[in-house]
Amino acid sequence: MTAGEGSIIELDKLNGEPLDVKVNGSLMGHAEVVVVNDKYGLRLIDVVESALTSMGK
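Residues numbered from 1 in each chain as written. Predicted model: local features only at pLDDT ≥ 70, side-chain atom pairs only at ≥ 80, totals over all residues. Heavy atoms only, no water.

A. Representation of the overall build of the protein chain in the model. Of regular secondary structure, the protein chain possesses one helix and three strands. Each helix and strand of the protein chain, ordered N terminal to C terminal, gives the series β-β-β-α. Contacts in the protein chain between residues far apart in sequence, at least 24 positions, make up 5% of those at least 6 positions apart. (Helix = DSSP H or I, 4+ residues; strand = E, 2+ residues; numbered from the N terminus. Contact = heavy atoms within 4.5 Å.)

In structure tokens, the structure reads:
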């Protein structure tokens, strides 16, 4: 799935539940949905160690 400006992404979690953040199918970490000034965003709460290691390659 490619998301860009104006894309709608349906979430299957409730407010406050952590979401899996995946990039190219690989788990990068966990985030929670936040609302600031009527705009939605993600707050990264955890980064998977293997994701950090692979970024340094």
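B. Focus on the environment of D20. Summarising the element assignment, D20 is placed in strand β1 (residues 19–23). Separated by 26 residues in the primary sequence, D20 and D46 place their C-alpha atoms 9.6 Å from one another. Those residues in contact with D20 that lie beyond four places of it in its chain are L27, G29 and H30. Reaching out from D20, the side chain makes a polar contact with the side chain of H30 at a distance of 3.3 Å. (Polar contact = N/O pair within 3.5 Å; in protein donor to acceptor, adjacent residues only side chain to side chain.)

C. Structural context of the pairing of strand β3 (residues 39–47). Bridge count between strand β2 (residues 26–36) and β3: eight bridges; the pairing is antiparallel. The partner of V36 across the bridge, within β3, is K39. Taking the residues that link successive antiparallel strands as the turn, the β2-β3 hairpin has two residues, and the phi of N37 there is positive, at about 50 degrees. (Pairing = 2+ DSSP bridges.)

D. Geometry of the environment of E49. In this structure, E49 sits in helix α1 (residues 49–55). Classification of E49 by relative accessible area gives exposed; the value is 56%. Along the backbone, E49 and M28 are 21 residues apart, and their C-alpha atoms lie at a distance of 8.4 Å. (Buried < 20%, exposed > 50% of the residue type's maximum accessible area, 1.4 Å probe, protein only.)

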